Amino acid sequence: MKYIPAFGFGLVIALLITYGFHFSASFSPILSFITASQGLTRNSPEWLMLLLHDGFISLLLALFVISLYRRFLPRLPFNWLAGILMQLPMLYLMYRFGGFSMNFSTLYEVVISTVSIINGTSVIIIFTLLQGYNRYAKKKPDADIPLSPD
């Protein structure tokens with residue numbers, strides 16, 4: 001029962017990422033730039049901007065929702081099972097709507113495949129970064145190590 005909110009927040013992440021991509025396609029200046037580029041091919045470097053844009057959207061939304069989970073439900077578990085349960089709704093939506101692309105023949109397909117991998121693991125990426133940061137923040141510097149070479 002204590003992991004049900006983690007799954008619920010995973011549903012929120014999946015819906016936010018889905019609608020985030022829907023709205024970013026309409027209002028994104030990066031997409032306007034890419035479509036207005038002259039001589040755009042499937043191997044043009046402009047596609048890397050799309051990779052940064054889409055990866056940033058999914059990771060930022062995952063960070064936002066996970067931060068809300070930690071802020072409003074601090075007594076609930078924040079372990080690997082909670083992270084995996086948060087990731088499951090996004091994986092299901094990607095599987096259901098054919099979002100897994102694993103073709104690496106052109107730069108465009110590399111970008112699309114990389115974005116689908118980032119979307120499929122966005123919660124796990126953020127969860128791992130937060131766990132690492134928490135471990136790093138808990139470490140105290142040793143008093144025996146001098147800070148200056150003097």
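In this report, we go over the structure that sits alongside the text. (Residues numbered from 1 in each chain as written. Predicted model: local features only at pLDDT ≥ 70, side-chain atom pairs only at ≥ 80, totals over all residues. Heavy atoms only, no water.)

Some details on the overall build of the chain
Rule in force here: Runs of E in the DSSP output that reach at least two residues are strands. Runs of H or I that reach at least four are helices, and both are numbered from the N terminus. What the globule rule says is 2.2 Å times the number of residues to the power 0.38, and the radius of gyration is computed from C-alpha atoms. To sort residues, take the accessible area from a 1.4 Å probe on protein chains only and compare it with the maximum for the residue type: under 20% means buried, over 50% means exposed, and anything in between is partly exposed.
Helix and strand content of the chain: five helices and zero strands. For the chain, the α and β elements follow one another from N to C terminus as α-α-α-α-α. The C-alpha radius of gyration computed for the chain amounts to 19 Å, which surpasses the reference 15 Å derived for 150 residues by more than 25%, pointing to a less compact arrangement than a globule. For the chain, the C-alpha atoms occupy an extent of roughly 60 × 55 × 30 Å along the three principal directions. A buried classification covers 33% of the 150 residues belonging to the chain.

Description of the nonpolar core
To keep it simple, the criterion reads: Nine residue types can take part in a nonpolar core, namely buried Ala, Val, Leu, Ile, Met, Phe, Trp, Tyr and Cys, and a core is a set of them joined through side-chain atoms within 4.5 Å. It only takes one pair of heavy atoms within 4.5 Å for two residues to be counted as in contact.
Core analysis: the largest hydrophobic core is formed by 21 residues, its most contacted members being I13, I66, Y69, M86 and V123. Those elements that provide at least two residues to this core are α1 (4–27), α3 (47–72), α4 (80–96) and α5 (107–138). Considering every element that reaches this core, the biggest residue donor is α1, with six residues. In this structure V123 touches I13, A62, I66, G83, M86 and Q87, once residues within four positions along its chain are discounted.

Quick look at α1
To keep things clear, this is the line we draw: To estimate how far a helix should reach, multiply one less than its number of residues by 1.5 Å.
An ideal rise of 1.5 Å per residue puts 34 Å on 24 residues; α1 measures up with 34 Å between its terminal C-alpha atoms. Considered for burial, the residues of α1 that qualify are A6, F9, G10, I13, A14, I17, F21 and S24.

So, the side chain of H53
Structurally, H53 can be placed in helix α3. Beyond its immediate chain neighbours, meaning those up to four positions away, H53 contacts S24, S28 and I30.

Some details on the packing of α1 against α4
Here is the rule we go by: Think of each axis as a best-fit line through the C-alpha atoms, taken over the contacting stretch in the case of a helix, with angles from 0 to 180 degrees between the N-to-C directions. Angles are sorted into four bins: roughly parallel if under 35 degrees, roughly antiparallel if over 145, roughly perpendicular if 65 to 115, and oblique for all others. The sense of a crossing depends on the near helix, which, turned anticlockwise from the far helix by less than a right angle, makes the crossing left-handed and, turned clockwise, makes it right-handed. Residue type decides the class: Asp, Glu, Lys and Arg count as charged, Ala, Val, Leu, Ile, Met, Phe, Trp, Tyr, Cys and Pro as nonpolar, and the leftover types, Gly among them, as polar.
Between α1 and α4, the shortest axis-to-axis distance is 7 Å and the interhelical angle comes to 40°. Here α1 is positioned oblique relative to α4, judged by the angle of their axes. For the crossing formed where α1 meets α4, the hand is right-handed. Two secondary-structure elements touch here, α1 through A6, F7, G10, L11, A14, I17 and T18 and α4 through A82, L85, M86, L88, P89, M90 and L93. Of the residues contributing to the contact of α1 with α4, the split by class is 12 nonpolar, two polar and no charged.

Comments concerning the packing of aromatic side chains
For any pair of aromatic rings, the description rests on two quantities: the centre-to-centre distance and the angle between the ring planes. Applicable threshold: Between the rings of Phe, Tyr and Trp (Trp by its six-membered ring), a pair exists once the centres lie within 6.5 Å; its type follows the angle of the planes, with under 30 degrees stacked, over 60 edge-to-face, and the other angles tilted.
Under the defined criterion, the tally for this structure stands at five aromatic pairs. Taken together, a centroid distance of 5.3 Å and an interplanar angle of 70° make the contact between F9 and Y69 edge-to-face. Of the two residues, F9 sits in helix α1 while Y69 sits in helix α3, which places them 60 residues apart along the sequence. Residue Y69 is classed as buried on the basis of its relative accessible area of 0%. Taken together, a centroid distance of 4.9 Å and an interplanar angle of 65° make the contact between F78 and F127 edge-to-face. You can see F78 sitting in the loop between α3 and α4 and its partner F127 sitting in helix α5, a full 49 residues away along the chain. Judged by its relative accessible area of 14%, F78 falls in the buried class. Through a chain of ring-to-ring contacts, three or more aromatic side chains come together here, namely F9, Y69, F78, W80 and F127.

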